[in-house]
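Observations on the model geometry
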Amino acid sequence: MSSLRNAVKRITHKERSQPQARSHLGILEKHGDYKKRAINKHRKDDAIKAMQLRAFLRNPDEFYTGMHRSRVTDERHTKITEGTTRIEAGSTLDPDVIKIMKGQDLAHLRHSISKDMAAVKRFQAEVCEFDSICVVFSDSIFLWLT
């Protein structure tokens, strides 16, 4: 029986056009137009909600290495040209002064590394003082208590 029902031609329901008296209001929005506009709006709303959630869950202490090579100007992030640091890109300092500053940074790092190495050696000396066999490798200390 269902095959006969499918064989009957159905009337296609068409949407009406804009009445002549209302033509000054512009083109009448059809259902298909509304559907496209609604889907687009919902997609945009979902994207905004996702961005708000990401902003809410963002860790303020989070750090990305790209932050070294970018700067905020006029509320926009712009990348600093490759091969320059943040100091070099936006400074009015001479290149000689920048070299001195970098040298001071390296000296500070060397000093802190040597300080840490001295603390490690002191710790190894304290641990190996006791009556035990102490084997020191580059990354581990093994103790055999006797």
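Our subject is the structure that appears above.
Residues numbered from 1 in each chain as written. Predicted model: local features only at pLDDT ≥ 70, side-chain atom pairs only at ≥ 80, totals over all residues. Heavy atoms only, no water.

Concerning the overall build of the protein chain
Secondary structure assignment for the protein chain yields four helices and four strands. Counting from the amino terminus, helix and strand elements in the protein chain follow one another as α-α-β-β-α-α-β-β. Per-residue burial for the protein chain yields a buried fraction of 4% across its 146 residues. For the protein chain, the share of sequence-separated contacts (at least 6 apart) that also reach a separation of at least 24 residues comes to 0%. Roughly 14,200 Å² of accessible area belongs to the protein chain as shown, and the carbon and sulfur atoms make up 59% of that amount. (Helix = DSSP H or I, 4+ residues; strand = E, 2+ residues; numbered from the N terminus. Buried < 20%, exposed > 50% of the residue type's maximum accessible area, 1.4 Å probe, protein only. Contact = heavy atoms within 4.5 Å. Areas by Shrake-Rupley, 256 points an atom, 1.4 Å probe, with all protein chains shown as cover.)

Notes on the pairing of strand β1 (residues 70-73)
The sheet contact formed by β1 and strand β2 (residues 76-79) spans four bridges and is antiparallel. Bridging across to β2, V72 finds its partner in H77. (Pairing = 2+ DSSP bridges.)

Things to note about the pattern of salt bridges
One side chain can pair with another of opposite charge once the charged atoms of both are near each other. Counting across every chain of the model gives two salt bridges. Between R37 and E29 there is a salt bridge, with the nearest N and O atoms lying 2.8 Å from each other. On the basis of relative accessibility, which here comes to 40%, the residue E29 falls in the partly exposed class. Where D45 meets K41, a salt bridge forms, and the shortest distance between an N and an O atom there is 2.8 Å. Pair noted here: D45 and K41 are both in helix α2 (residues 31-57), with a separation of four residues, about one helical turn. Judged by relative accessible area, which is 28%, D45 ranks as partly exposed. (Salt bridge = Lys/Arg side-chain N within 4 Å of Asp/Glu carboxyl O.)

Focus: unusual backbone geometry
Phi is positive for D74, close to 55°, though the residue is something other than glycine. Position of D74 relative to the elements: it lies in the loop between β1 and β2. In this structure, E75 is a non-glycine residue whose phi angle is positive, near 60°. Mapped onto the secondary structure, E75 falls in the loop between β1 and β2. Of the residues examined, E75 reaches a relative accessible area of 79% and is grouped as exposed.

As for a nonpolar patch on the surface
A cluster of nonpolar side chains, L53, F56 and L57, forms an exposed patch at the surface whose accessible area comes to about 380 Å². Here F56 lies in helix α2. (Patch = residues over 30% accessible without salt bridge, like charges linked within 9 Å, V, L, I, M, F, W, Y side chains within 5 Å.)

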